[in-house]
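# Structural characterization, general
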Amino acid sequence: DPENHDLMIRHRQNKVDIIENFIPKVEPYGKSSGEILVIGWGGTYGAIRSAVEKSQDEGLDVSHVHLRHLNPLPKNLGELLVKFKNILIPELNLGQLSSIIRDKYLVDAKGLNKIEGKPFTSSEILEEIKKINKG
């Protein structure tokens, strides 16, 4: 029945909301506000971190957050996102995380998607960071 269905959905959401309190806050690598925040998850870590380090070495204002929890997302993610002018999310899929971030936090996250099964190279991500930086 519809009432029970609604109750169960709310019950499940309450469980997720409770779990959120136990997930560690997200700490950016780099500054906690600025021009560009690159968000990654899963196997994109190495390529993103390398690209962000190179960007920083070249004097670009870029930080990196690597998510370990996707549902729920870290509680302080929303307040971090609004401190950056641009958000880049390299994903090895069709951009599901980008969609979630855009929908939940109403920020204009830019996806960099790769679906042919090959991992990102740090130079591909670095190239994208430089494009965004030029505006």
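Here's what I pulled together on the structure shown here. (Residues numbered from 1 in each chain as written. Predicted model: local features only at pLDDT ≥ 70, side-chain atom pairs only at ≥ 80, totals over all residues. Heavy atoms only, no water.)

### Structural notes on the layout of surface pockets
The space that makes up the largest pocket amounts to roughly 170 Å³. As for the largest pocket, its lining consists of 15 residues, and the residues nearest its centre are Lys25, Val26, Glu27, His66 and Arg68. Secondary-structure elements contributing two or more residues to the lining of the largest pocket are α2 (45-57) and β2 (62-67). The dominant element in the lining of the largest pocket, judged by the number of residues it contributes, is β2, at four residues. (1 Å grid on protein atoms, 1.4 Å probe; cavity = no way out; pocket = protein on both sides within 12 Å on 5 of 7 lines; lining within 4 Å. Points joined across faces, edges and corners; volume = space filled by probe spheres on them. Helix = DSSP H or I, 4+ residues; strand = E, 2+ residues; numbered from the N terminus.)

### Quick word on the side chain of asparagine 76
Counting through the fold element by element, asparagine 76 comes out in the loop between β2 and α3 (77-81). Residues contacting asparagine 76, with those up to four places away along its chain left out, are Lys25 and Val26. (Contact = heavy atoms within 4.5 Å.)

### Some remarks on unusual backbone geometry
Of note, the amide linkage connecting asparagine 71 to proline 72 takes the cis form, showing an omega dihedral of 0°. By the secondary structure assignment, proline 72 is in the loop between β2 and α3. Positive phi, normally seen in glycine, also occurs at leucine 106, with a value near 55°. Relative to the assigned elements, leucine 106 resides in the loop between α4 (96-105) and β4 (109-113).

### A word on the pattern of salt bridges
Summed over the entire model, instances satisfying the criterion amount to seven salt bridges. One network of salt bridges, with partners in common, ties together Lys110, Glu128 and Lys131. (Salt bridge = Lys/Arg side-chain N within 4 Å of Asp/Glu carboxyl O.)

Scope: geometric values only; no functional claims are made or implied.
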